[in-house]
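What follows is the residue order along each chain.
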Amino acid sequence: MGPKAESWASSAAVRASMRSNKSRDTIPELALRRAVHALGLRYRVAVRPLPGRRLTADLVFPRLRIAVFLDGCFWHGCPEHHSVAKTNSAYWAEKLRRNRERDADTDRLLKEAGWSVIRIWEHEDPVVAAQHVAEVVHAVRASRLAALNR
(Lines give C-alpha, C1' and ligand atoms only; values in the text may rest on other atoms or scores of the structure.)
Protein backbone atom coordinates (compact mmCIF):
# COMPACT_ATOMS: atom_id res chain seq x y z
CA MET A 1 0.00 0.00 0.00
CA GLY A 2 1.21 3.49 -0.85
CA PRO A 3 1.28 6.56 1.39
CA LYS A 4 -2.04 7.84 2.74
CA ALA A 5 -3.57 10.55 0.56
CA GLU A 6 -4.12 14.00 2.04
CA SER A 7 -7.76 14.54 3.03
CA TRP A 8 -9.82 17.30 1.41
CA ALA A 9 -11.60 17.91 4.73
CA SER A 10 -10.66 20.93 6.81
CA SER A 11 -10.67 18.85 10.02
CA ALA A 12 -11.13 15.30 11.27
CA ALA A 13 -14.60 16.23 12.54
CA VAL A 14 -15.64 17.56 9.13
CA ARG A 15 -14.30 14.42 7.46
CA ALA A 16 -16.26 12.20 9.88
CA SER A 17 -19.42 14.22 9.33
CA MET A 18 -19.15 14.05 5.54
CA ARG A 19 -18.41 10.32 5.56
CA SER A 20 -21.57 9.71 7.57
CA ASN A 21 -23.81 11.29 4.88
CA LYS A 22 -26.05 8.65 3.35
CA SER A 23 -26.21 8.21 -0.40
CA ARG A 24 -29.70 6.71 -0.33
CA ASP A 25 -32.68 6.25 1.99
CA THR A 26 -32.44 9.82 3.27
CA ILE A 27 -35.43 11.37 5.02
CA PRO A 28 -36.50 13.42 1.94
CA GLU A 29 -36.05 10.39 -0.32
CA LEU A 30 -38.15 8.14 1.95
CA ALA A 31 -40.88 10.81 2.10
CA LEU A 32 -40.94 11.06 -1.71
CA ARG A 33 -41.04 7.29 -2.10
CA ARG A 34 -43.95 7.02 0.38
CA ALA A 35 -45.87 9.75 -1.46
CA VAL A 36 -45.27 8.20 -4.90
CA HIS A 37 -46.25 4.75 -3.58
CA ALA A 38 -49.42 6.21 -2.00
CA LEU A 39 -50.47 7.34 -5.49
CA GLY A 40 -50.39 3.71 -6.58
CA LEU A 41 -47.17 3.95 -8.57
CA ARG A 42 -44.56 1.22 -8.38
CA TYR A 43 -40.90 1.89 -9.07
CA ARG A 44 -37.40 0.60 -8.47
CA VAL A 45 -34.99 2.26 -6.04
CA ALA A 46 -31.36 3.27 -6.64
CA VAL A 47 -31.09 1.84 -10.16
CA ARG A 48 -28.54 2.56 -12.84
CA PRO A 49 -30.73 3.20 -15.89
CA LEU A 50 -27.91 3.06 -18.44
CA PRO A 51 -25.83 -0.12 -18.56
CA GLY A 52 -22.13 0.55 -18.27
CA ARG A 53 -22.63 4.06 -16.85
CA ARG A 54 -21.97 4.88 -13.23
CA LEU A 55 -25.06 7.00 -12.66
CA THR A 56 -27.81 6.04 -10.26
CA ALA A 57 -31.34 7.41 -10.20
CA ASP A 58 -33.26 7.55 -6.93
CA LEU A 59 -36.52 6.22 -8.40
CA VAL A 60 -36.80 4.46 -11.74
CA PHE A 61 -39.76 3.35 -13.81
CA PRO A 62 -37.81 0.99 -16.11
CA ARG A 63 -40.54 0.06 -18.64
CA LEU A 64 -41.53 3.69 -19.06
CA ARG A 65 -37.90 4.85 -19.07
CA ILE A 66 -38.43 7.50 -16.40
CA ALA A 67 -35.61 8.38 -13.99
CA VAL A 68 -36.25 10.51 -10.89
CA PHE A 69 -33.43 12.28 -9.06
CA LEU A 70 -33.92 13.86 -5.64
CA ASP A 71 -31.18 16.50 -5.43
CA GLY A 72 -29.88 17.73 -2.10
CA CYS A 73 -29.83 21.51 -1.72
CA PHE A 74 -26.24 21.56 -0.48
CA TRP A 75 -24.74 18.99 -2.84
CA HIS A 76 -26.38 20.26 -6.00
CA GLY A 77 -26.33 24.00 -5.30
CA CYS A 78 -30.02 24.79 -4.87
CA PRO A 79 -30.57 28.41 -6.00
CA GLU A 80 -33.00 28.88 -3.11
CA HIS A 81 -31.15 27.27 -0.18
CA HIS A 82 -27.48 26.84 -1.04
CA SER A 83 -25.02 28.80 1.05
CA VAL A 84 -21.35 29.35 0.32
CA ALA A 85 -18.99 27.32 2.50
CA LYS A 86 -16.96 29.39 4.95
CA THR A 87 -14.17 26.84 5.28
CA ASN A 88 -12.36 25.43 2.28
CA SER A 89 -14.60 27.55 0.02
CA ALA A 90 -12.54 27.08 -3.15
CA TYR A 91 -12.80 23.31 -2.83
CA TRP A 92 -16.59 23.43 -2.30
CA ALA A 93 -17.20 25.90 -5.13
CA GLU A 94 -15.36 23.59 -7.54
CA LYS A 95 -17.11 20.51 -6.10
CA LEU A 96 -20.56 22.05 -6.66
CA ARG A 97 -19.62 23.21 -10.14
CA ARG A 98 -18.60 19.63 -11.01
CA ASN A 99 -21.80 18.25 -9.46
CA ARG A 100 -23.97 20.58 -11.57
CA GLU A 101 -21.96 19.72 -14.67
CA ARG A 102 -22.36 16.00 -13.94
CA ASP A 103 -26.12 16.45 -13.42
CA ALA A 104 -26.46 18.19 -16.79
CA ASP A 105 -24.40 15.45 -18.47
CA THR A 106 -26.54 12.76 -16.80
CA ASP A 107 -29.73 14.45 -18.03
CA ARG A 108 -28.32 14.70 -21.55
CA LEU A 109 -27.20 11.05 -21.66
CA LEU A 110 -30.53 9.78 -20.39
CA LYS A 111 -32.56 11.95 -22.79
CA GLU A 112 -30.40 10.80 -25.72
CA ALA A 113 -31.18 7.21 -24.68
CA GLY A 114 -34.92 7.94 -24.70
CA TRP A 115 -35.46 8.47 -20.98
CA SER A 116 -37.57 11.13 -19.29
CA VAL A 117 -35.72 12.80 -16.43
CA ILE A 118 -37.36 14.35 -13.39
CA ARG A 119 -35.29 16.40 -10.94
CA ILE A 120 -36.72 17.29 -7.55
CA TRP A 121 -35.09 19.43 -4.85
CA GLU A 122 -34.97 17.93 -1.37
CA HIS A 123 -36.85 20.95 0.05
CA GLU A 124 -39.87 20.42 -2.21
CA ASP A 125 -43.07 19.14 -0.64
CA PRO A 126 -42.97 15.36 -1.23
CA VAL A 127 -46.71 15.16 -1.96
CA VAL A 128 -46.47 17.88 -4.63
CA ALA A 129 -43.32 16.27 -6.05
CA ALA A 130 -45.05 12.87 -6.14
CA GLN A 131 -47.96 14.40 -8.03
CA HIS A 132 -45.50 15.76 -10.60
CA VAL A 133 -43.93 12.29 -10.93
CA ALA A 134 -47.42 10.79 -11.39
CA GLU A 135 -48.27 13.33 -14.10
CA VAL A 136 -45.14 12.40 -16.05
CA VAL A 137 -45.79 8.67 -15.57
CA HIS A 138 -49.38 9.02 -16.80
CA ALA A 139 -48.33 11.19 -19.75
CA VAL A 140 -45.66 8.71 -20.85
CA ARG A 141 -48.11 5.80 -20.49
CA ALA A 142 -50.73 7.67 -22.56
CA SER A 143 -48.13 8.51 -25.20
CA ARG A 144 -47.02 4.88 -25.46
CA LEU A 145 -50.63 3.67 -25.65
CA ALA A 146 -51.41 6.20 -28.39
CA ALA A 147 -48.36 5.05 -30.33
CA LEU A 148 -49.51 1.42 -30.10
CA ASN A 149 -52.98 2.32 -31.37
CA ARG A 150 -51.74 4.08 -34.51
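Refer to the structure presented above.
Analysis parameters
- Residues numbered from 1 in each chain as written.
- Predicted model: local features only at pLDDT ≥ 70, side-chain atom pairs only at ≥ 80, totals over all residues.
- Heavy atoms only, no water.
- Helix = DSSP H or I, 4+ residues; strand = E, 2+ residues; numbered from the N terminus.
- Buried < 20%, exposed > 50% of the residue type's maximum accessible area, 1.4 Å probe, protein only.
- Areas by Shrake-Rupley, 256 points an atom, 1.4 Å probe, with all protein chains shown as cover.
- Expected span 1.5 Å × (residues − 1).
- Contact = heavy atoms within 4.5 Å.
- Salt bridge = Lys/Arg side-chain N within 4 Å of Asp/Glu carboxyl O.
- Pairing = 2+ DSSP bridges.
- Axes fitted to C-alpha atoms, helices over the stretch in contact; angles between N-to-C directions.

A. Structural detail: the overall build of the protein chain. What the protein chain contains, in helices and strands, is five helices and four strands. Helices and strands appear in the protein chain in the N-to-C order α-α-β-β-β-α-α-β-α. Evaluated residue by residue, the protein chain yields a buried proportion of 33% over its 150 residues. Of the accessible surface of the protein chain, which amounts to about 9,900 Å², a share of 53% is contributed by carbon and sulfur atoms.

B. Local environment of helix 2 (residues 27–38). Look at helix 2: 16 Å from first C-alpha to last across 12 residues, which is about the 16 Å you get at 1.5 Å a residue. Of all the positions in helix 2, only Glu29, Ala31, Leu32, Arg33, Ala35 and Val36 are classed as buried. Against the buried residues of helix 2 lie strand 1 (44–47), strand 2 (57–61), strand 3 (66–71), strand 4 (116–121) and helix 5 (126–148).

C. Spotlight on the pattern of salt bridges. Following the criterion strictly, the structure yields 11 salt bridges and no others. Arginine 108 is the partner of aspartate 105 in a salt bridge, and the nearest nitrogen-oxygen pair spans 2.4 Å. With a gap of three residues between them, aspartate 105 and arginine 108 both fall in helix 4 (residues 89–112), about one helical turn apart. On the basis of relative accessibility, which here comes to 30%, the residue aspartate 105 falls in the partly exposed class. As a salt-bridge pair, arginine 119 and aspartate 107 come within 2.9 Å of each other at their nearest N and O atoms. Of this pair, arginine 119 sits in strand 4 while aspartate 107 sits in helix 4, placing them 12 residues apart in sequence. Given the relative accessible area of 26%, arginine 119 is considered partly exposed. Here the salt bridges do not stand alone but share partners, grouping Asp71, Arg102, Asp103, Asp107 and Arg119 into one network.

D. Representation of the sheet that holds strand 3 within the structure. Strand order in this open sheet of four strands is 1-2-3-4, and the pairing throughout is mixed. Each edge of the open sheet is held by one strand with a lone partner, namely strand 1 and strand 4. Ignoring which end each strand starts from, the neighbouring axes of this sheet average 30° apart. With three bridges joining them, strand 2 and strand 3 adopt antiparallel strand pairing. Opposite phenylalanine 61, over in strand 3, you have isoleucine 66 as the bridge partner. The strands touched by helix 2 within the sheet are strand 1, strand 2, strand 3 and strand 4, with strand 2 carrying the most contacts at an inclination of about 15°. In this fold helix 4 packs onto strand 3 and strand 4, with an angle of close to 150° to the strand it touches most, strand 4.

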